[in-house]
Amino acid sequence: MKIALAQINCTAGDLNGNPLKILHACQQAREARAKLVITPEMALCGSLPEDWLLRAEFVQACHQALMDLATQIHDVTLVIGHPHRTNGNLLNAVSVIRDGRLLITYGKNHLLTDPLLDERRYFTPGNQPCTFECDGTLFGLTTFSDYQHPAHLQALRSAGAQVLLTVGASPYAIDGQADRLRIVRAGITQTGLPTVYTNLVGGQDELVFDGASFAMDHSGKLVCQLAAFQETLGLIELHNNQLIPGQCSPLPDRIESVYSALRLGLRDFIDKNRISGVLIGLSGGVDSALVLAIAVDALGADRVSNVMMPSPYTADISLEDAQIMAGNLGVHYTEIHITELFEQFKQTLHPALQTWPTTGPQTTMENLQARIRGTLLMALANQSGRLVLTTSNKSETAVGYSTLYGDMAGGFSILKDVSKTLVYQLCHYRNRISPIIPERILQRPPSAELRPDQTDQDNLPPYAVLDAIIAAYVENNLSPAEIIAMNYPEETVRQVLHMIHSCEYKRRQAAPGIRITRRDFGPSWRFPITSGFRQ
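Residues numbered from 1 in each chain as written. Predicted model: local features only at pLDDT ≥ 70, side-chain atom pairs only at ≥ 80, totals over all residues. Heavy atoms only, no water.

What follows concerns the overall build of the protein chain. Along the protein chain, the regular secondary structure elements total 17 helices and 20 strands. The globule rule puts the C-alpha radius of gyration for 535 residues at 24 Å, and the 26 Å found for the protein chain is close to it. Seen through its C-alpha atoms, the protein chain measures out along the principal axes to roughly 85 × 50 × 45 Å. Considering only intrachain contacts with a sequence separation of at least 6, the fraction spanning at least 24 residues in the protein chain is 72%. (Helix = DSSP H or I, 4+ residues; strand = E, 2+ residues; numbered from the N terminus. Rg over C-alpha atoms; globule rule 2.2 N^0.38 Å. Contact = heavy atoms within 4.5 Å.)

Okay, structure coming up:
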């Protein structure tokens, strides 16, 4: 028999569009003579509709959409994920539909409790394994979370399952596919059962689902792998309860996969929210150059506008490089010089500033330039109906090297989880496709250009050191002592950690952004703004 893997791009709460995608996948499967269609976890309502699940009317609408869908399913067996209310409890459920009716419904047993998503907020765990028969084979049905529990796999094996079907909605993280393959291979080692894994694809707010659905035979050999970051329908042959080797699409390498995730995350955020286009403040620097490149690759040049706003401290080469970059990509480009506005603000503020107490580093005039630019960007966004993309990276976000209501102003942050060192790697990758980013941008020392002869390293450790400390502390949860033991200077480590926690209030007001690491500064980072603890 043929099994169809429907790697589809669902939208949270889209109870019209998601069922249409599922029906289209079923039609394609029928045409390919497949008997069984497997969709990702929560495919009916998208993953994850979050607090819509707390609204009774939403859960009821999901049930009605499922019943309407079921009446249209014929000549194939459909595996579909959805919320399911039973006995007063809400389950993260997976149902099997055949001949216009629900054959069986299974509730996810092991709910996610990680920092990114606590499913216990919405769901009650199920407590039973699930099997069903199709074309003479007894399939064990499981979610990817349940698959990671040996006792659950043993229960399926004891129930007589011959092939395991695993549905997932596993977000992208760097090297995340390697972890999925390792987990499934370990399950096959335990059970000896071939396994098919179907993953969601597409962007949903701060998450990107990368697809790359796959199948492994009874020995743990990869026999099928679908393309990453693409909607597609994959077909697998099952003969005598064994999976027959088929097409294995290669995965992109590390840097290409990050670029693909950022491009897909931006495209879906803009398109799914029906936004006409984006607006970017260019600086002539590396971060805004990368944001511009990704935006054009994701949306097309006609949906991207940018504006360069030179101040008294903007170098001529920054202005030239911004013009070259915009010309290389064919985007709408505007220049608004802010020197006169800056002088007017200074004159207006001068009398008051003379009477106010001053403490700490004097960055008032630097921040003022950034806030003038932020105000102008938001005005242009209001006029054009386009969304401002911020250009701060993870390194800056971590230590607060950005201006609140200035360069932080905007609606979406592509680089929020991208370190400065990774920014450069991504630029070099994009230039290998076509040389659109001027080489001078990649060679110059990075600078905010808010005072004479300024460079980032006036205030920060070298980015290679800074990024390594941030990764160790934020992503790998190492202690200060453990980081110092990695041969980083103690004074530098403590300086960086102090900056990370002292700017928590800024991050709370930052735009949402795409998550690509195991721990970003989004929902998976939860520290209080007010805290008396000192490390």
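Once that is clear, we can look at the packing of helix H6 (residues 254-272) against helix H12 (residues 420-433). For the pair H6 and H12, the least separation of the axes is 10 Å and the interaxial angle reads 90°. Taken as axis vectors, H6 and H12 run roughly perpendicular relative to one another. Of H12, the residues touching H6 (which contributes Arg254, Ile255, Glu256, Val258, Tyr259 and Leu262) are Leu422, Gln425, Leu426, Tyr429 and Arg430. Each residue belonging to the contact of H6 with H12 can be placed in one class, and the counts come to seven nonpolar, one polar and three charged. (Axes fitted to C-alpha atoms, helices over the stretch in contact; angles between N-to-C directions. Parallel < 35°, antiparallel > 145°, perpendicular 65-115°, else oblique. Nonpolar A, V, L, I, M, F, W, Y, C, P; charged D, E, K, R; others polar.)

Turning our eyes to something else, we now look at the sheet that holds strand E17 (residues 304-308). Ordered in space as E18-E17-E16-E19-E20, the five strands form an open sheet in which the pairing is parallel. Each edge of the sheet is formed by a strand with only one pairing partner; in this case those strands are strand E18 (332-335) and strand E20 (412-413). Examined bridge by bridge, strand E16 (residues 278-282) and strand E19 (residues 387-390) share three bridges and lie parallel to one another. Paired with Leu279 across the bridge in E19 is Val388. (Pairing = 2+ DSSP bridges.)

On to empty space enclosed by the protein, then. One pass over the structure, following the stated rule, counts two cavities of 30 Å³ or more. Quantified by volume, the largest cavity comes out at close to 130 Å³. If you go around the largest cavity, you meet 14 residues; those closest to its centre are Ser392, Thr397, Ser402, Met408 and Ala510. Elements supplying a minimum of two residues to the lining of the largest cavity: helix H11 (394-399) and helix H17 (504-507). Classifying every residue of the lining of the largest cavity by side-chain character gives three nonpolar, six polar and five charged. Considering only enclosed or pocket space, the second largest cavity measures out at about 30 Å³ in volume. Forming the walls of the second largest cavity are Leu282, Gly284, Gly285, Ser288, Ala289, Asp321, Ala322, Met325 and Ile441. Residue assignment for the lining of the second largest cavity shows that the elements contributing at least two residues are helix H7 (286-299) and helix H8 (316-329). (1 Å grid on protein atoms, 1.4 Å probe; cavity = no way out; pocket = protein on both sides within 12 Å on 5 of 7 lines; lining within 4 Å. Points joined across faces, edges and corners; volume = space filled by probe spheres on them.)

Turning our attention to the environment of Ser419. With respect to the helices and strands, Ser419 occurs in the loop between E20 and H12. Counting along the chain gives 272 residues from Ser419 to Tyr147, while the straight-line C-alpha distance between them is 33 Å. The residues contacting Ser419, other than those within four sequence positions of it, are Lys394, Ser395 and Asp467. There is a polar contact of 3.2 Å between the side chain of Ser419 and the side chain of Thr421. (Polar contact = N/O pair within 3.5 Å; in protein donor to acceptor, adjacent residues only side chain to side chain.)

Take the pattern of salt bridges next. In the structure shown here, the tally under the stated rule is 24 salt bridges. Between Lys420 and Asp287 there is a salt bridge, with the nearest N and O atoms lying 2.8 Å from each other. Here Lys420 is found in helix H12, whereas its partner Asp287 is found in helix H7, with 133 residues between them in sequence. Salt bridges sharing common partners tie together Glu41, Lys108 and Glu119. (Salt bridge = Lys/Arg side-chain N within 4 Å of Asp/Glu carboxyl O.)

Scanning the model with the defined rule gives 10 aromatic pairs in all. A ring pair is formed by Trp525 and Phe527, whose centres lie 4.4 Å apart and whose planes are at 45°; its orientation type is tilted. Under the relative-accessibility criterion, Trp525 is labelled buried at 6%. The class for Phe527 is partly exposed, based on a relative accessible area of 27%. Among the aromatic residues, those joined into a cluster by ring pairs are Phe144, Tyr197 and Phe214. The ring of Phe521 has Lys394 sitting right over it, with the charged end atom 5.9 Å from the ring centre. Between the NZ or CZ atom of Arg507 and the centre of the ring of Phe521, over which it lies, the distance is 4.6 Å. (Phe/Tyr/Trp six-rings, centres within 6.5 Å; stacked < 30°, edge-to-face > 60°. Buried < 20%, exposed > 50% of the residue type's maximum accessible area, 1.4 Å probe, protein only. Lys NZ or Arg CZ within 6 Å of the ring centre and 35° of its normal.)

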